[in-house]
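Chain and residue survey
In case you want the letters, here they are:
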Amino acid sequence: MKIPVAILGATGYTGAELIRLIDGHPHFTIAHLAAHSQAGKAAGAVLPGCGGRTADMTLAAADAPLPEAVQLVFTALPHAAAATSVANALSQGKKVVDLSADFRHQSAAVYQQAYAVEHPCPELFQQAVYGLCEHARDRVAATSLVANPGCYPTSTLLPLIPLLKAGLLDTDGIIVDSKSGASGAGRSAKTDLLYCEINESVKAYGMPRHRHAWEMEEWAEGFTGSPVRIRFVPHILPMTRGMLTTLHLSGKQVDRWHAILQEAYSDEPFVRVLAAGELPSTGGVCGSNRCDIGISVVGEHEVVIVSCIDNLLKGAAGQAVQNANLMFSLDEGAGLSVHATWP
Ligand SMILES: NC(=O)C1=CN([C@@H]2O[C@H](COP(=O)(O)OP(=O)(O)OC[C@H]3O[C@@H](n4cnc5c(N)ncnc54)[C@H](OP(=O)(O)O)[C@@H]3O)[C@@H](O)[C@H]2O)C=CC1
Ligand SMILES: CC(=O)N[C@@H](CCC(=O)OP(=O)(O)O)C(=O)O
């Protein structure tokens with residue numbers, strides 16, 4: 001018997017990716033799909049990529065009661081809107097993986113600083129686990145609420161955490177420069193994301209402090225005990241999906257850093273540390289749940305690290321399924337691919 005799953009926010013980009021992953025999953029099955037402005041329509045009428053019998057499912061309203069049989073709920077809703085759906089699902093005894101930012105912070109004060117809105121249910125912060133799977137397995141397995149990490153923080157924290165743990169990084173003034181495909185901004189139309197405005201163009205945004213800078217700093221310290229100061233500049237590129245993050249780092253014993261990262265992730269199917277000096281590309285990871293990390297020593301104390309993920313997979317729906325697998329004591333890689341859709 002497969003485990004029945006609900007996806008709230010099924011008509012968005014991450015929702016569509018969740019449908020694809022859950023429909024192909026050996027242990028989960030889709031029992032309920034919900035949307036907001038598109039509620040009442042068939043999934044296939046709103047999602048051109050959705051096929052099979054799932055395309056005929058009617059989209060419920062995001063706040064409609066969940067079927068009793070549902071054991072797991074993915075909330076792929078905008079931040080602030082997600083929190084109340086999460087609270088409702090938990091009160092009905094469901095496990096929840098929340099893809100929004102609503103439970104990624106440890107205090108309402110930090111959330112409010114980063115998102116400029118008051119949190120609707122801060123009492124749930126206590127039970128939320130920040131689901132960066134490779135560093136939070138045991139806690140994820142033991143909770144009913146996983147806060148799925150943001151895409152930029154995932155691509156930043158995976159290379160940073162082992163080096164911080166080794167105590168070799170200068171922690172003051174880490175520069176994180178990221179590039180994202182336009183699907184990172186979601187499906188709702190925004191004028192600055194029109195084809196004519198992003199095609200043949202690259203732009204930086206989110207300055208002076210993008211909301212993910214708080215998340216990166218909070219969890220770099222949360223996982224390692226080392227307070228860090230991060231200057232983060234995101235960019236949007238004229239491509240659909242993929243994320244490339246370049247970290248400009250300094251510290252000591254830089255000749256050891258490659259080995260430290262390799263050792264940290266040698267048994268991890270979804271994190272690949274490339275040979276010394278080799279750098280990754282988004283094309284090498286898109287379609288997979290992998291994070292590829294490349295490292296280049298550029299001075300006696302200076303290093304450039306480049307990490308790549310698919311923002312919709314390891315940066316969102318893929319990591320969400322990885323977390324769900326852990327919550328249900330399944331094979332962590334069930335339903336996920338280590339292979340990209342290359343070329
Ligand atoms: N895109 C990405 O790469 C990543 C996204 N995320 C996060 O995942 C969540 C979903 O993102 P994404 O799929 O890109 O978003 P989209 O904008 O593509 O989709 C949003 C979804 O939420 C529904 N929705 C919109 N407004 C409301 C509302 N007020 N109440 C309830 N439901 C609503 C929409 O329904 P309808 O279509 O019916 O209006 C749609 O299903 C967000 O919190 C986002 O920050 C996290 C990591 C990466
Ligand atoms: C390109 C783009 O706009 N990206 C989004 C980040 C992706 C996202 O959805 O953010 P969460 O991970 O916090 O949910 C942004 O900068 O706000």
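Please read these numbers as outputs of a predicted model, since none were measured by experiment.

1. With respect to the overall build of the chain
- Summing up its helical and strand segments, the chain has 10 helices and 14 strands in all.
- Its C-alpha atoms give the chain a radius of gyration of 19 Å, near enough to 20 Å, the size a compact globule of 343 residues would have.
- The C-alpha extent of the chain, read off along each of the three principal axes, is 60 × 45 × 40 Å.
- Relative to its 343 residues, the chain shows a buried fraction of 49%.
- Put simply, of all contacts in the chain between residues at least 6 apart along the chain, 69% involve residues at least 24 apart.

2. Considerations on the pairing of strand β5 (residues 95-98)
- Residue alternation in β5 divides its side chains into two sets, Lys95 and Val97 and Val96 and Asp98, and both sets are buried.
- Judged from the 3 bridges that link them, β5 and strand β7 (residues 145-147) form a sheet pairing that is parallel. Note on β7: the bridge partner recorded for Val96 is Leu145.

3. Digging into the environment of Pro227
- Turning to its location among the elements, Pro227 is positioned in the loop between α8 (211-224) and β10 (229-236).
- A sequence separation of 28 residues divides Pro227 from Asn199, and the C-alpha atoms of the two residues are 38 Å apart.
- Excluding its chain neighbours within four sequence positions, the residues that come into contact with Pro227 are Thr171 and Glu221.

4. Digging into the domain arrangement of the chain
- Domain annotation for the chain reports domain 1 (3-130) and domain 2 (152-311).
- If you look at the interface, domain 1 gives 11 residues, while domain 2 gives 9 residues.

5. Observations concerning unusual backbone geometry
- Cis peptide bonds are those with omega within 30 degrees of zero, and the linkage from Met207 to Pro208 qualifies with 5°.
- Positionally, Pro208 belongs in the loop between β9 (203-204) and α8.
- With an omega of 5°, the peptide bond between Trp342 and Pro343 qualifies as cis.
- Mapped onto the secondary structure, Pro343 falls in the segment after α10 (313-327).

6. With respect to the sheet that holds strand β11 (residues 243-250)
- Taken together, the 7 strands give an open sheet; going across it, the order is β9-β10-β8-β11-β14-β13-β12, and neighbouring strands pair in mixed fashion. Strands at the two margins of the open sheet, each flanked by one partner only, are β9 and β12 (271-273).
- Where strand β8 (residues 172-180) lies against β11, 6 bridges are found, and the strand directions are antiparallel. Residue pairing across strands places Ser178 opposite Thr245, the latter belonging to β11.
- Together, β8 and β10 form the strand contacts of α8, whose direction differs from that of β10 by roughly 140°.

7. Comments concerning the environment of Leu157
- Relative to the assigned elements, Leu157 resides in helix α6 (residues 151-165).
- For the pair Leu157 and Val306, spaced 149 residues apart in the sequence, the C-alpha separation amounts to 12 Å.
- With residues up to four places along the chain from it excluded, the contact list for Leu157 reads Leu132, Met216, Trp219 and Ala220.

Cut-off values and rules
Every chain begins its residue count from 1, and numbering advances along the sequence as written. Here the convention is simple: chains get letters from A, ligands get numbers from 1, in the order in which they are written. Totals for whole chains, interfaces and linings use every residue, but because this is a predicted model, local features are given only for residues with pLDDT of at least 70 and side-chain atom pairs only at 80 or more, for both listing and counting. Strands are runs of DSSP state E lasting at least two residues, helices are runs of H or I lasting at least four, and both sets are numbered from the N terminus onward. Atoms counted for the radius of gyration: C-alpha only. Globule rule: 2.2 Å times the number of residues to the power 0.38. Exposure classification rests on a simple neighbour count of other C-beta atoms within 10 Å of a residue's own: a residue reaching 20 or more is buried, one at 12 or fewer is exposed, and one in between is partly exposed. C-beta atoms are placed from the backbone. Remark: residues whose backbone-derived C-beta atoms lie within 7 Å of one another are considered to be in contact. Pairing between strands is defined by DSSP: at least two bridges between the two strands are required. The source of the domain bounds is an automatic or database domain assignment. Interaxial angle, 0 to 180 degrees, is taken between N-to-C directions of lines fitted to C-alpha atoms, where a helix line uses only the stretch in contact.

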